[in-house]
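Here's the letter readout for the chains.
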Amino acid sequence: MESRPRVLSGHRPTSALHLGNFEGTIREWVKLQADHECLFMIADWHALTTGYRQLAELPDLIFQVAVDWLAAGVDPARSTLFVQSHVKEHAELHLLLSMVTPWTWVYRNPTVAEMIDHLAAGESASYGLYGYPVLQAADILLYGAGVVPVGEDQVGHVEICRRIARRFNELYGEVFVEPVERLSDTPLLPGTDGRKMSKSLGNTIDLSDSPDVVTDKIAHMFTDPQKLRVGNPGRPEICPIFAWLKLYAPDRCGQIAAECRSGERDCREDKALLTELVLELLERMSDVRRRYQTEPDTVWDILREGERHARAIAAETIERVREVLHLALGPSGSSGVDS
Ligand code: SF4
């Protein structure tokens, strides 16, 4: 019987994963594997909430996310990796939770509002997009996950999940564990243009980028716009390069900041330093990445095995939910619905 605290987290397969994903979540997952029962979900149904038109690439993106996770240190011997849509109980629980979730909780959800703001011009928000927080609550509650690792910008997701769990438990009895967010120690890191790192903004450094691409992206990264050349005093606190160096070279940042402010520092030095450190990090992932890319069947087997484990847990939860909602099968095995 598994006694470690259970963790559920995941990513949407909308693009290759980037350094912001790695530092914001995956690095924490890798640590959690040691003493938690971790389930990591490729949230393909969530991907449809904002991108339902072109789905031909979805299998490749699912594969890519799995390879990114494995390359970054997620260990399939200790963690469960699976695809959300392969466990149909997510859909059933989403439907049932949607019946007890007040509309105002989703309508006023800031994350949904932000996603609607980012929709392409002329695209209207779907019913499914408004239901995103409820589907996410189903993902977490289905596995009784007590811990949900999130970045600062996602705390609201866990809060609404707690409220839904509490409301359901009050109405029907204690079924769900109220999850607690686990915040990453890493602050939100900027993209190459200084805004939040996001594929939709085209400002990412991907875990699968080649050394040439990484070098080129960092060479074109924003710095302090007032520091055009050596001699101009700079402001490290607004510089995206400096934000990354604080994470990757903390012991050198005092000197870098002082030299930046005095004007003597050359931005090219810091770009070269950051390039070296990022390439070192990605190089450490490259052997595992190559291995799985040349063995796609192994990756799909890992996801199939994860699916089996996830379905076993999900089936138990759904059985309990049906029971408290009086939706369980009757003694004769019939559903009890008159035809
Ligand atoms: S010198 Fe370094 S810290 Fe200062 S603006 Fe240039 S890159 Fe940023």
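Residues numbered from 1 in each chain as written. Predicted model: local features only at pLDDT ≥ 70, side-chain atom pairs only at ≥ 80, totals over all residues.

Visitor: Can you tell me about helix 9 (residues 155–172), naming the residues and giving the values?
Guide: Here helix 9 is 18 residues long and its end C-alpha atoms lie 26 Å apart, about the 26 Å a rise of 1.5 Å per residue gives. Of the positions making up helix 9, those classed as buried are His 157, Val 158, Ile 160, Cys 161, Ile 164, Ala 165 and Phe 168. With its buried residues spanning 160 degrees around the axis, helix 9 presents them on a single face. Away from its buried face by more than 90 degrees, helix 9 exposes Arg 166 and Glu 170. Where helix 9 is buried, its residues touch helix 4 (89–100), helix 5 (103–107), helix 6 (110–117), helix 8 (132–141), strand 4 (147–150) and strand 5 (180–183). Phi turns positive, to about 110 degrees, at Gly 173, one or two residues after helix 9. (Helix = DSSP H or I, 4+ residues; strand = E, 2+ residues; numbered from the N terminus. Expected span 1.5 Å × (residues − 1). Buried ≥ 20, exposed ≤ 12 C-beta atoms within 10 Å, placed from the backbone. Arc of directions from axis to C-beta. Contact = placed C-beta atoms within 7 Å.)

Visitor: Give a description of the environment of Gln 136 that names residues and reports values.
Guide: Tracing the sequence through the fold places Gln 136 in helix 8. Taking C-alpha positions, Gln 136 is 21 Å from Ser 200, a pair spaced 64 residues apart along the chain. Residues contacting Gln 136, with those up to four places away along its chain left out, are His 157 and Cys 161.

Visitor: Any chance you could break down the environment of Leu 282 for me, citing the residues and the numbers?
Guide: Note that Leu 282 resides in helix 13 (residues 267–294). Classification of Leu 282 by C-beta neighbours within 10 Å gives buried; the count is 22. Expressed as a C-alpha distance, the spacing of Leu 282 and Pro 13, which sit 269 residues apart in the sequence, is 20 Å. Excluding its chain neighbours within four sequence positions, the residues that come into contact with Leu 282 are Leu 207 and Val 214.

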